[in-house]
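Below, each chain spelled out in residue letters.
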2 protein chains.
Amino acid sequence: MKAEDHQGEIAPPERLWQSPTWLVGQLSGDAHRLIVDAITAVARTDYAVLAGLEEFGPLSQAALGRRLGIDRSDISVVLDRLQADRHVTRSPDPAHRSRKLVQITPTGRRRLERLDTNVKKAQHTLLKPLTPDQATELTSLLQRLVQHHRGYQHPPAAS
Amino acid sequence: MKAEDHQGEIAPPERLWQSPTWLVGQLSGDAHRLIVDAITAVARTDYAVLAGLEEFGPLSQAALGRRLGIDRSDISVVLDRLQADRHVTRSPDPAHRSRKLVQITPTGRRRLERLDTNVKKAQHTLLKPLTPDQATELTSLLQRLVQHHRGYQHPPAAS
DNA sequence: AGCGAAGTGTTGGCACGACCAACACTGCTG
DNA sequence: CAGCAGTGTTGGTCGTGCCAACACTTCGCT
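Report on the accompanying structure. What you see is a predicted model; the values in this text were computed from it and never measured.

This brings us to the packing of aromatic side chains. Scanning the entire structure with this criterion turns up 2 aromatic pairs over all chains. A ring pair is formed by W17(A) and Y152(B), whose centres lie 6.0 Å apart and whose planes are at 75 degrees; its orientation type is edge-to-face. Here the residue W17(A) occupies a position in helix α2 (residues 14-17), and Y152(B) occupies one in the segment after α8 (132-149), the pair thus bridging two chains. Cation over ring: R67(A) sits above F56(A), and NZ or CZ is 3.5 Å from the ring centre.

Residues and elements named next belong to chain B. Sheet architecture is open: 3 strands sit in the order β1-β3-β2, paired in antiparallel fashion. The outermost strands of the open sheet, each flanked by one partner alone, are β1 (59-60) and β2 (88-92). Here β1 runs beside strand β3 (residues 100-104); their pairing, made up of 2 bridges, is antiparallel. Bridge pairing in β3 links S60 to L101. Along the sheet, helix α4 (residues 41-55) contacts β2 and β3; its crossing angle with β3, the most-contacted strand, is approximately 95 degrees. Across the sheet, helix α6 (residues 72-84) lies against β2 and β3, angled at about 115 degrees from β2, the strand it touches most.

What counts and what doesn't
- Residues numbered from 1 in each chain as written.
- Chains lettered and ligands numbered in written order.
- Predicted model: local features only at pLDDT ≥ 70, side-chain atom pairs only at ≥ 80, totals over all residues.
- Heavy atoms only, no water.
- Phe/Tyr/Trp six-rings, centres within 6.5 Å; stacked < 30°, edge-to-face > 60°.
- Helix = DSSP H or I, 4+ residues; strand = E, 2+ residues; numbered from the N terminus.
- Lys NZ or Arg CZ within 6 Å of the ring centre and 35° of its normal.
- Pairing = 2+ DSSP bridges.
- Contact = heavy atoms within 4.5 Å.
- Axes fitted to C-alpha atoms, helices over the stretch in contact; angles between N-to-C directions.

Encoded structure:
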């Protein structure tokens, strides 16, 4: 193990190192690890759904999925679990009888807040090597790209 | 579909919108789509491996995997395909008889160069909404984070 | 009024990527 | 020599994203 280990062994090829697509993929993996490690993998999805329900009022499942970038089918099964745990209520929309209005419960809110603190910690860990200015710069750049590629309309006023 | 569609329907919850972990995950998905769409999904992995082999000389599979952030087991099957297509040669290391030296072939180089142009296009598409300065700023920030979280040593002198 | 197109929720499936575990083998080091 | 670590391989699991189909509802149009 000597011949390979001591020289500059750990470094990716330049082609990838200069590729934003690769860099963002790698970093996404690290971020995923941090989150899963701070809360569980299932809680990761739950967090997004609960966050959506808390900030938008009662909402149809499809609309919720669109705003979170999650497929209708996947939303469905997540809500099954969330509803079983009393974090969410699913009631038929009286106006549109084919839709179901999803709503967060007080229990769900408590869970969301509990997850919040751990998620915040993960964010901080991820951005640790950056200065505060660089961190906000990075998130702002990411927001611009995400907004463009996912066709978001009025970006919720960034910090 | 009217009641929900025309107002500010498309926008993620603030909690996620302010989360670098979430943003980077979303963008990683977009980047992945762009690449898979420019070359195939298998070619995406091939590209990383071929890029590594082109820039580092002949190399053991494990070392290659380490530098690319890919598991030994996954490297193994990728090389099976690459070798079958004559893009790569696997020869036993004469010094370390338990290792196999992997080497890119001229055919592999040609494939790498062909992929290169399409990958470049994908990068450009991903960063289209940014100015050149912002683009280099973003990649530099991403590099710093990736370098930190994956423990790379001497970051190959960024642009 | 009725017909077709489109939206909704659900189930089931596929593909891909990131892991992990075990195995046989080689190499190093006490 | 014995034990431990590195190597390549096989095979498996899990999470995530995506698509297809289905039954049902709603909208738009003539």
